Amino acid sequence: MSVHFIGAGPGAPDLITVRGLNLIRRCAVVLYAGSLVPREVVAEAPAGARIVDTAALTLDEIIAEMAAADRQGFDVARVHSGDPSLYGATAEQMRRLDGLGIAYDVTPGVPAYAAAAAALKCELTLPDVCQTIVLTRTATRSSPMPKGEELATLAASRATLAIHLSIANLANVVRELIPVYGAGCPIVVAYRVSWPDQLLLHGTLADIRDQVKAAGITRTALLLVGRVLGDVGFTDSRLYASDHDHVLRPRADAGS
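All figures in this text were calculated on a predicted structure; none of them were measured in a lab.

**Description of the domain arrangement of the chain**
What the domain assignment reports for the chain is domain 1 (3-107) and domain 2 (112-229). Contacts between domain 1 and domain 2 engage nine residues on the former and twelve residues on the latter. Carbon and sulfur atoms supply 68% of the area that domain 1 and domain 2 bury against each other, a total of about 830 Å² over both sides. The interface formed by domain 1 and domain 2 holds zero salt bridges in total. For the pair domain 1 and domain 2, the number of links is five residue pairs in polar contact (both at pLDDT 80 or more). A class-by-class count of the residues in the side of domain 1 that touches domain 2 yields eight nonpolar, one polar and no charged.

In structure tokens:
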């Protein structure tokens, strides 16, 4: 028996990995976050499977479901949105399973920031513009941010920022970033990216709050901030340059 932590991706049912879908199709117990994982994904569970929406459950109750399945010898598909390594609250579940001696593994999923970039048809790392992405969040009612990870500190790098779980804290985000990035810096609010009701709001740090208020967005949105989101000039990558040789494309005179 094993618990399989599975990243379901950002929302579209067909963005789950083949491995993740195959695991769901053979697990007798499926635990999923119903507010973020599409029902179509867990509907792939075998006939008669126990399917539990964990949105209203506590950690103790979730672990109790896993332990009960273990006693019966049933595999469990523990389905999370996005990728389990990012804000998935999976580590605390794994710690409990370690204590109980229950085996588990992890299948990655498509993270929301990657799905947002795909929807925007943009690359988040451009030569001469930005080569770093910072994945972070801000503290509201959730766990506090560790010392040194304040948004203003991270912003000093001027990297592309992917700010999770912070739409309700947008006023503070704007206040912290404008002194570093400037009021005209591009920002995109990606609401329920890849879902049928996906909405992408393009703006600047100066005007994005008005757009979000008008759209009525209060949750389930990712903030992307950085110059790569604007109309910027950049040089081509050296990867495909005709005068750039490497082990798979040696110089024409290499053997002469």
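Read on, since the account is not over.
**What about the sheet that holds strand 3 (residues 50-53)?**
Pairing in this open sheet of five strands is parallel, and the strands run 3-2-4-1-5 from one edge to the other. Each edge of the open sheet is held by one strand with a lone partner, namely strand 3 and strand 5 (104-107). Here the strands of the sheet are splayed against their neighbours by 15° on average, with no regard to which way each runs. With four bridges connecting them, strand 1 (residues 3-7) and strand 5 associate as parallel partners. Across the sheet, the residue bridging to Ile 6 is Thr 107, located in strand 5. In the packing of helix 1 (residues 18-26) onto the sheet, the strands contacted are strand 1, strand 2 (29-32), strand 4 (76-80) and strand 5, and the crossing angle to strand 1 comes to about 140°.

**Description of the packing of aromatic side chains**
Under the criterion given, the structure shown has one aromatic pair. Their ring planes at 85° and their centres at 6.0 Å tell us that Phe 5 and Tyr 104 sit as a pair that is edge-to-face. Here Phe 5, found in strand 1, pairs with Tyr 104, found in strand 5; they are 99 residues apart in sequence, far enough to count as distant. Looking at Arg 192, its charged tip hangs above the ring of Trp 195, at a distance of 4.2 Å from the centre.

**A closer look at the nonpolar core**
Core analysis: the largest hydrophobic core is formed by 39 residues, its most contacted members being Leu 177, Val 189 and Val 225. Looking at this core, the elements with two or more residues in it are helix 5 (112-120), helix 6 (151-155), strand 7 (160-164), helix 7 (170-181), strand 8 (186-191), helix 8 (208-215) and strand 10 (221-225). In contact with Val 225, other than residues within four places in its own chain, are Ala 159, Thr 160, Leu 161, Ile 163, Leu 177, Tyr 181, Cys 185, Pro 186, Ile 187 and Leu 205.

Cut-offs used in this document
- Along each chain, the written sequence defines residue order, and numbers are assigned to residues from 1.
- For this predicted model, a pLDDT threshold of at least 70 governs which residues receive local features, and a threshold of 80 or more governs which side-chain atom pairs are given and counted, while totals over whole chains, interfaces and linings are taken from all residues.
- With hydrogens and water set aside, each side-chain value is computed from the structure's full complement of heavy atoms.
- The source of the domain bounds is an automatic or database domain assignment.
- For this analysis, residues touch if any pair of their heavy atoms sits within 4.5 Å.
- A simple way to read buried area is as the amount of 1.4 Å-probe accessible surface that goes missing from two parts once joined, with both sides added.
- By convention in these notes, a salt bridge is any Lys or Arg side-chain nitrogen within 4 Å of a carboxyl oxygen on Asp or Glu.
- Side-chain atoms alone can form a polar contact between residues adjacent in sequence; in general such a contact is a pair of N or O atoms within 3.5 Å, and within protein one must be able to donate a hydrogen while the other accepts it.
- Side-chain classes are defined by residue name, with Ala, Val, Leu, Ile, Met, Phe, Trp, Tyr, Cys and Pro counting as nonpolar, Asp, Glu, Lys and Arg as charged, and the others, Gly among them, as polar.
- When DSSP locates at least two bridges between a pair of strands, those strands are taken to pair.
- Each helix corresponds to a stretch of at least 4 residues labelled H or I by DSSP, and each strand to a stretch of at least 2 residues labelled E; elements are numbered beginning at the N terminus.
- Note on geometry: axes are C-alpha line fits, over the in-contact stretch for helices, and angles between N-to-C directions span 0 to 180 degrees.
- We call Phe, Tyr and Trp rings a pair once their centres come within 6.5 Å, taking the six-membered ring for Trp, and we label the pair stacked below 30 degrees between planes, edge-to-face above 60, and tilted otherwise.
- A ring has a charge above it when a Lys NZ or an Arg CZ is no more than 6 Å from the ring centre and no more than 35 degrees off the ring normal.
- Take the buried residues of types Ala, Val, Leu, Ile, Met, Phe, Trp, Tyr and Cys, join any two whose side-chain atoms come within 4.5 Å, and each joined set is a nonpolar core.
- Burial status follows relative accessibility: with a 1.4 Å probe on protein chains alone, a residue under 20% of its type maximum counts as buried, one over 50% as exposed, and anything between as partly exposed.

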